[in-house]
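# Descriptive structure summary
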Amino acid sequence: MSVESSDHSEAWLGKFADAVSAMPEVMEFYRMAGDVDYMLRVVVADMQSYDVFLQEADRARLPLKNVTSRFAMEKIKSVTALPVPAAA
């Protein structure tokens, strides 16, 4: 989920971060560089659950400029090990 905000103040970010951190569906939350301000990795069971999540997020009453959702159709590769060579 990509989020753009019109407000970039520290106070707004604090309120936004508190609201997002309280949502158990949000697994990861990043401040971004580039064309979006924040990126959230949201995990839910199905589209109905995502709709409920969006409604709950809307109740936080945080002014957002734009929210864009993207959905993975298929997991092709997912690793957690870093490809860092051993020190010689």
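Everything below is about the structure shown above.
Described below are features of the structure shown in this document. Counting from 1, residues in each chain are numbered in the order their sequence is written. With pLDDT at 70 or above as the cut-off, local features in this predicted model cover only qualifying residues; side-chain atom pairs require 80 or more to be listed or tallied, and sums for whole chains, interfaces and linings still use all residues. With hydrogens and water excluded, all non-hydrogen atoms of the structure serve as input to the side-chain values.

## Side note on the packing of aromatic side chains
For Phe, Tyr and Trp, where Trp contributes only its six-membered ring, two rings pair if their centres lie within 6.5 Å, and the inter-plane angle classes them as stacked under 30 degrees, edge-to-face over 60, or tilted in between. Across all of its chains, the model carries 7 aromatic pairs by this definition. An angle of 35 degrees between the planes, with centres 5.9 Å apart, marks the rings of Trp-12 and Tyr-38 as tilted. Separated by 26 residues along the polypeptide, Trp-12 in helix H1 (residues 10-21) and Tyr-38 in strand S3 (residues 38-42) bring together distant segments of the chain. The buried label goes to any residue with under 20% of its type's maximum accessible area, the exposed label to any with over 50%, and the partly exposed label to all in between, with areas taken from a 1.4 Å probe on protein chains only. Given a relative accessible area of 5%, Tyr-38 falls into the buried group. Ring centres 5.3 Å apart and planes at 55 degrees place the aromatic pair Phe-16 and Tyr-38 in the tilted group. Separated by 22 residues along the polypeptide, Phe-16 in helix H1 and Tyr-38 in strand S3 bring together distant segments of the chain. Taken together, Trp-12, Phe-16, Phe-29 and Tyr-38 form an aromatic cluster joined through their ring pairs. Numbering of helices and strands starts at the N terminus; helices are DSSP runs of H or I of at least 4 residues and strands are runs of E of at least 2.

## Comments concerning the sheet that holds strand S2 (residues 26-31)
Strands were regarded as paired on the criterion that DSSP finds at least two bridges between them. If you trace the 4 strands from one edge of the open sheet to the other, you get S2-S3-S1-S4, paired in antiparallel fashion. Of all strands in the sheet, those bounded by a partner on one side alone are S2 and strand S4 (66-68). On average, adjacent strands in this sheet sit at an angle of 15 degrees to one another, irrespective of strand direction. Here 3 bridges tie strand S1 (residues 2-4) to S4, and the two strands are oriented antiparallel to one another. Bridge pairing in S4 places Val-3 opposite Val-67. For helices, the axis comes from a line fit to the C-alpha atoms of the stretch in contact; other axes are also lines fit to C-alpha atoms, and the angle between any two N-to-C directions lies between 0 and 180 degrees.

## Looking at the environment of Arg-41
Residue placement: Arg-41 occurs in strand S3. Taking the C-alpha atoms as reference points, Arg-41 and Ser-2, 39 residues apart in sequence, are found 9.0 Å from one another. Residue contacts are defined here by distance: any two heavy atoms, one from each residue, within 4.5 Å place the two residues in contact. If near-sequence neighbours (up to four positions away) are discounted, Arg-41 is found in contact with Glu-25, Val-26, Met-27 and Glu-28. Any pair of nitrogen or oxygen atoms within 3.5 Å is treated as a polar contact; in protein, a donor-acceptor pairing is required on top of that, and neighbouring residues in sequence qualify only through side-chain atoms on both sides. A polar side-chain atom of Arg-41 sits 2.7 Å from a polar atom in the side chain of Glu-28.

## Details of a nonpolar patch on the surface
A contiguous nonpolar patch, built from Leu-54, Leu-64 and Val-67 and spanning about 190 Å² of accessible area, is present on the exposed surface. Inspection of the secondary structure puts Leu-64 in the loop between helix H2 (47-59) and S4. Classification of Leu-64 as partly exposed rests on a relative accessible area of 35%. Each patch is built from residues that are more than 30% exposed by relative accessible area and take part in no salt bridge. Like charges join if they lie within 9 Å; nonpolar side chains (Val, Leu, Ile, Met, Phe, Trp, Tyr) join within 5 Å. Only the protein chains shown count as cover for residues, and the accessible areas themselves come from Shrake-Rupley with a 1.4 Å probe. Definition used for salt bridges: Asp or Glu carboxyl oxygen within 4 Å of a side-chain nitrogen of Lys or Arg.

## So, the nonpolar core
Only buried residues count toward a nonpolar core, which is a set of Ala, Val, Leu, Ile, Met, Phe, Trp, Tyr and Cys residues joined through side-chain atoms within 4.5 Å. Counting residues in hydrophobic clusters, the biggest one holds 12 residues: Met-1, Val-3, Trp-12, Phe-16, Val-20, Met-23, Val-26, Tyr-38, Leu-40, Tyr-50, Phe-53 and Leu-62. Contributing elements (two or more residues each) for this core: H1, S3 and H2. By residue number, the principal contributor to this core is H1, which donates 3 residues. Those residues in contact with Leu-40 that sit more than four places away from it in its chain are Met-1, Val-3, Val-20, Val-26, Glu-28 and Phe-29.

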